[in-house]
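Survey of secondary and tertiary structure
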Amino acid sequence: MKERSHTLAFCAVLSALGAALMLGGGLIPVATYAAPLLASLLLIPAVSECGAGWGWRVWAVTALLTLLLDADREAAFFYLFLGYYPLLRREIEGRTPRPLRWAVKLGWAALSVGVMYALLCFAFGLGELLEEEQWVNAAFFLLLCAVMLLFDRCLTPMTILYEKKLRPRLGRR
C-alpha cells in the first residue's frame, strides 16, 4: 500500500508541475509552443519511476488541468494533441522497423498538428489562425513538424540525463 501511495503522490506532483509549466507559459508568447514540450518532458520520470500506465495518467491529468485553467487555448491543445509524444515514442521505437520509424513519427506529427488546428479553427472559432497567406500557414505547419522531429532527437539525451543524473538524487524509498 505504501508503494502505491508513493506512486500516486509522485505522479500527482508531476501533473501539478506540468500544469504549472503550462500556465506559466501563457506569460511569454513564444512559450505557446515551448511550454507544452517542456511539460511533456515530465513524462520521462513518470514512466521511469512508475511505468507507462502512470505516464498516461500524468499526461491525461495535466491535459485536463491545462484545458480547464489555461487561458492560452492554443498551448492547451498543443499539449493535448502532442504532449503524449514521449509515451508514444516508446511504442513506435519498440514496434516499428528502423527504416520506417522516421516516416511514422513524421506522419503522426503531421496528422496531430493538422487535426489540432482544424479543431481550433472550425470547432472553436479561432478562424484568425487561417487569416494569413496560405504559404505562411504551410510554412508554419512544416516548422511545427520539424520542431516535433527535433524534440524527438532531444528525448534520448533527456532520458539518459534523467536516468544517470537525476534519478539517483531522487532516492527511491
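This part covers the pattern of salt bridges. Summed over all chains, the structure comprises 7 salt bridges. A salt bridge links Glu93 to Lys105, with the shortest nitrogen-to-oxygen separation between them at 2.4 Å. Taken as a pair, Glu93 in helix α6 (residues 85-95) and Lys105 in helix α7 (residues 101-123) lie far apart in primary sequence, 12 residues in all. Within this structure, Arg89, Glu93, Arg101, Lys105 and Asp152 form a network of salt bridges that share partners.

Right, let's talk about the nonpolar core for a bit. Among soluble globular proteins, nonpolar side chains are generally buried collectively. In this structure, Trp59, Tyr79, Leu82, Trp108, Met116, Met148 and Phe151 are the most contacted members of the largest nonpolar core, which totals 41 residues. Counting residues per element, the ones that place at least two in this core are α1 (2-25), α2 (31-40), α3 (43-50), α4 (52-69), α5 (73-82), α6, α7 and α8 (134-170). Setting aside anything within four residues of it in sequence, one finds Trp59 in contact with Leu43, Tyr79, Leu80, Gly83, Tyr84 and Leu87.

Now for the packing of aromatic side chains. Summed over all chains, the structure comprises 10 aromatic pairs. On the numbers, 5.6 Å between centres and 65 degrees between planes, the contact of Tyr33 with Phe140 is edge-to-face. Of the two residues, Tyr33 sits in helix α2 while Phe140 sits in helix α8, which places them 107 residues apart along the sequence. Here the aromatic cluster, defined as three or more aromatic residues joined through ring pairs, consists of Trp56, Trp59, Tyr84, Tyr85, Trp108 and Phe151. Positioned over the ring face of Trp54 is Arg57, at 4.5 Å from the centre of the ring. Sitting over the ring of Trp102, Lys105 keeps its end group 5.0 Å from the ring centre.

What follows deals with the environment of Ser15. Take Ser15: it is sitting in helix α1. Relative accessible area serves as the criterion here: at 4%, Ser15 is assigned to the buried category. In sequence terms Ser15 and Ser40 are 25 residues apart; their C-alpha atoms lie 9.9 Å from each other. When near neighbours in sequence (up to four residues on either side) are disregarded, Ser15 contacts Val58, Val61, Thr62 and Leu65.

Conventions used here
- Residues numbered from 1 in each chain as written.
- Predicted model: local features only at pLDDT ≥ 70, side-chain atom pairs only at ≥ 80, totals over all residues.
- Heavy atoms only, no water.
- Salt bridge = Lys/Arg side-chain N within 4 Å of Asp/Glu carboxyl O.
- Helix = DSSP H or I, 4+ residues; strand = E, 2+ residues; numbered from the N terminus.
- Core = buried A, V, L, I, M, F, W, Y, C linked by side-chain atoms within 4.5 Å.
- Buried < 20%, exposed > 50% of the residue type's maximum accessible area, 1.4 Å probe, protein only.
- Contact = heavy atoms within 4.5 Å.
- Phe/Tyr/Trp six-rings, centres within 6.5 Å; stacked < 30°, edge-to-face > 60°.
- Lys NZ or Arg CZ within 6 Å of the ring centre and 35° of its normal.

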